[in-house]
Amino acid sequence: MHRNRFGDPRPATFEEIETALFEVGLLADDAYATIMDSQDEVAPWTGWTADIAHTDNGEPRFATCGFADKEALIVGLNDLGIALIVED
C-alpha cells in the first residue's frame, strides 16, 4: 500500500481500502467517500480518487490512489459497505 510522508494509507485496490479502514479504525458503515476527478495528477494518483472519512466528524480521513474507472470505484466502495458517496 502506498503511504504519504506521514505514514497515512493511500490504498490502490479495494482490498487495500478495506485494510486502510481497519488500520484507521473506521467502519465502512460509518464512512462516506467523496469521489474526485484526478485525471491531471501524476501516477499513482491519476484517474478517479476517493477521500474517505467518518460521516459525523470527518476524522479519521484518508485518500485513495487513482482508479481508472469512476463507476467501478463507486461500485467497489458500495461493495465494501460505504453507502454514502458524493462527487466533488
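All values derive from a computational prediction rather than experimental measurement.

Some details on the pairing of strand β3 (residues 31–38)
Of all 8 residues that make up β3, 6 are buried, and the element is covered over most of its length. For β3 and strand β6 (residues 84–87), the ladder comprises 4 bridges, and the chain directions are parallel. Bridge pairing links Ile35 to Glu87 in β6.

Details of the environment of Gly7
Positionally, Gly7 belongs in the loop between β1 (2–3) and β2 (9–10). Judged by relative accessible area, Gly7 falls into the partly exposed class, the value being 33%. Residues Gly7 and Asp29, 22 residues apart in the sequence, show an inter-C-alpha distance of 24 Å.

Thoughts on the sheet that holds β3
On the basis of which strands lie adjacent, the open sheet formed by 4 strands has the order β5-β4-β3-β6 and mixed pairing. The sheet terminates laterally at β5 (61–63) and β6, the two strands that pair on one side only. For this sheet the average axis-to-axis angle between neighbouring strands, irrespective of direction, equals 20°. Contacts from helix α1 (residues 14–24) reach β4 (47–54) and β5 within the one sheet, and its direction differs from that of β5 by about 160°. Where helix α2 (residues 70–80) meets the sheet, it contacts β3, β4 and β6, and its direction lies at approximately 25° from that of β4.

Notes on the pattern of salt bridges
Inspection of every chain in the model, using the stated rule, returns 3 salt bridges. Note that Glu23 and Arg3 form a salt bridge whose closest N and O atoms lie 2.8 Å from each other. One end of the pair, Glu23, is in helix α1; the other, Arg3, is in strand β1, with 20 residues separating them in the sequence. Of the charged contacts in the structure, one is a salt bridge between Arg61 and Asp51, with a shortest N-O distance of 2.4 Å. Placement of the pair is Arg61 in strand β5 and Asp51 in strand β4, with a sequence separation of 10 residues. Residue classification places Arg61 among the partly exposed positions, given a relative accessible area of 36%.

Conventions we followed
- Residues numbered from 1 in each chain as written.
- Predicted model: local features only at pLDDT ≥ 70, side-chain atom pairs only at ≥ 80, totals over all residues.
- Heavy atoms only, no water.
- Buried < 20%, exposed > 50% of the residue type's maximum accessible area, 1.4 Å probe, protein only.
- Helix = DSSP H or I, 4+ residues; strand = E, 2+ residues; numbered from the N terminus.
- Pairing = 2+ DSSP bridges.
- Axes fitted to C-alpha atoms, helices over the stretch in contact; angles between N-to-C directions.
- Contact = heavy atoms within 4.5 Å.
- Salt bridge = Lys/Arg side-chain N within 4 Å of Asp/Glu carboxyl O.

Treat this as a map of the structure, not an account of what it does.
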